[in-house]
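For reference, the chains in residue letters:
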Amino acid sequence: MSDISALFKGVIFDLDGVIVHTDTLHYKAWKSVADRLSIPFDEEVNDRLRGVSRGESLEIILEQSKRRYDGAQKERLCTEKNGIYVDSLASLSALDVAAEVSDTLKLLKGAGLKLAVGSSSKNAKTILSRIGLADFFDAVSDGTNIQRTKPDPEVFLKAAAMIGLKPSECAVVEDAAAGIEAAINGGFTAIAIGGAAASNGARFNIKSLSELQKIILK
Ligand code: G6P
Ligand code: MG
């Protein structure tokens, strides 16, 4: 443990759109499905999908559809989207993590904070592995260990438990409105990054991850 004192004992990071730009890959994959079905889909609708599970994302997209889909058809559409998305992850590498992101992560870890991932994605571990961060975090709570998606706080509560901390001891960094709501619902300090998460009651709003340093470290 270094002698730098910090406002929190731990930080829980959302993955897509916070650590790495996979939010744009989710968008492209859903866009390709929506275009094939002639369903209007744009960045505004996409912002509502941030932090939300695959199945619930599809429900939001289908709000704009004229036809109805049964359970089996919805299942196939989720499989189609995930296939496109997973294919697009193949080219990810450590180069996709911005320098200010890896520098900030290392700085916080060096200051003795526990760091965890709290993501709704079932592909989180694949992504962490591709970007060279599989062993970096103290814990990973993701779509494979939760029953309820954000804005339910489950994913963050499990992450906090994994690193042995109380919600009041952790900050959550999120790019999703649903994620900020989840953090607040769980009793965490919410830090919003980017436009989609802003103005949703977060304690701090930042534009780049490097700003965490002045918020978290004293
Ligand atoms: C993250 C993303 C969402 C995505 C969800 C599920 O929360 O922000 O856009 O729908 O994970 O991802 P998955 O990889 O399991 O489909
Ligand atoms: Mg996100």
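Residues numbered from 1 in each chain as written. Chains lettered and ligands numbered in written order. Predicted model: local features only at pLDDT ≥ 70, side-chain atom pairs only at ≥ 80, totals over all residues. Heavy atoms only, no water.

### Comments concerning the overall build of the protein chain
Here is step 1 of the chain: The helix and strand inventory of the protein chain stands at nine helices and six strands.
Here is step 2 of the chain: Taken along the three principal axes of its C-alpha coordinates, the protein chain extends 60 × 35 × 30 Å.
Here is step 3 of the chain: Taking all contacts inside the protein chain whose residues are at least 6 apart in sequence as the whole, residues at least 24 apart take part in 61%.
Here is step 4 of the chain: Accessible area for the protein chain stands at about 10200 Å²; split by element, carbon and sulfur atoms hold 50% of it.
Here is step 5 of the chain: Distance between charge centres in the protein chain, computed from 27 positive and 29 negative side chains, equals 2 Å. (Helix = DSSP H or I, 4+ residues; strand = E, 2+ residues; numbered from the N terminus. Contact = heavy atoms within 4.5 Å. Areas by Shrake-Rupley, 256 points an atom, 1.4 Å probe, with all protein chains shown as cover. Lys, Arg positive; Asp, Glu negative; His and termini not counted. Charge placed at Lys NZ, Arg CZ, Asp CG, Glu CD.)

### Describing the pairing of strand E5 (residues 189-193)
Here is step 1 of the chain: Burial analysis of E5 places five of its five residues in the buried class, which makes it a mostly covered element.
Here is step 2 of the chain: Here E5 shows a buried face lined by Thr189, Ile191 and Ile193 and a second buried face lined by Ala190 and Ala192.
Here is step 3 of the chain: Here strand E4 (residues 170-174) pairs with E5 via four bridges, running parallel. Bridge assignment links valine 173 to a residue of E5, and that residue is isoleucine 191. (Buried < 20%, exposed > 50% of the residue type's maximum accessible area, 1.4 Å probe, protein only. Pairing = 2+ DSSP bridges.)

### A closer look at the coordination of the magnesium ion (ligand 2)
Here is step 1 of the chain: Around the magnesium ion (ligand 2), the protein contributes the donor atoms Asp14 (OD), Asp16 (O) and Asp175 (OD), at 2.0 to 2.1 Å from the metal centre.
Here is step 2 of the chain: Positions of the donor residues of the magnesium ion (ligand 2) along the chain correspond to the pattern D-x1-D-x158-D. Residue aspartate 16 is located in the loop between strand E1 (10-13) and helix H1 (22-36), and its partner aspartate 175 is located in the loop between E4 and helix H8 (177-186); the two are separated by 159 residues in the primary sequence. One exposure class covers both aspartate 16 and aspartate 175, and it is buried. (Donors = N, O, S within 2.8 Å, 3.2 Å for Na, K, Ca; no water.)

### With respect to helix H5 (residues 99-110)
Here is step 1 of the chain: The terminal C-alpha atoms of H5 lie 16 Å apart, and with twelve residues this matches the ideal 16 Å at 1.5 Å per residue to within 8%.
Here is step 2 of the chain: Buried residues of H5: Val101, Thr104, Leu105 and Leu108, and no others. Seen from one end, H5 has its buried residues packed into an arc of 100°, which puts them on one side. Among the exposed residues of H5, those pointing more than 90 degrees away from its buried face are Ala99 and Lys106.
Here is step 3 of the chain: Residues of H5 that are buried in the fold lie against E1, strand E2 (114-118) and helix H9 (212-216).
Here is step 4 of the chain: Glycine 112 lies just past H5 and shows a positive phi near 95°. (Expected span 1.5 Å × (residues − 1). Arc of directions from axis to C-beta.)

### Re the sheet that holds E4
Here is step 1 of the chain: Strand order in the open sheet formed by six strands is E3-E2-E1-E4-E5-E6, with parallel pairing between adjacent strands. Every other strand in the sheet has two partners, leaving strand E3 (139-141) and strand E6 (204-206) as the edge strands with one partner each. When the angles between neighbouring strand axes are averaged without regard to direction, this sheet yields 25°.
Here is step 2 of the chain: In the packing of helix H7 (residues 154-162) onto the sheet, contacts are made with E1, E2, E3 and E4, and the angle to E3 comes to roughly 160°.
Here is step 3 of the chain: Of the strands in this sheet, E4 and E5 touch H8, which is tilted by about 170° from E5. (Axes fitted to C-alpha atoms, helices over the stretch in contact; angles between N-to-C directions.)

### Observations concerning the packing of aromatic side chains
Here is step 1 of the chain: For the coordinates displayed, the defined rule picks out four aromatic pairs.
Here is step 2 of the chain: Here tyrosine 27 and phenylalanine 41 contribute two aromatic rings whose centre-to-centre distance is 5.3 Å and whose plane-to-plane angle is 25°, an arrangement assigned as stacked. On the criterion of sequence distance, the pair formed by tyrosine 27 in helix H1 and phenylalanine 41 in the loop between H1 and helix H2 (43-49) is long-range, its members being 14 residues apart. Comparing tyrosine 27 with phenylalanine 41 shows no difference in burial state: the two are buried.
Here is step 3 of the chain: One aromatic cluster in this structure is built from Phe13, Phe136 and Phe137.
Here is step 4 of the chain: Sitting over the ring of tyrosine 85, lysine 81 keeps its end group 4.5 Å from the ring centre.
Here is step 5 of the chain: One residue, lysine 109, lies across the ring of phenylalanine 136, its end atom 4.0 Å from the ring centre. (Phe/Tyr/Trp six-rings, centres within 6.5 Å; stacked < 30°, edge-to-face > 60°. Lys NZ or Arg CZ within 6 Å of the ring centre and 35° of its normal.)

Remember, this is a structural readout, not a statement about activity or role.
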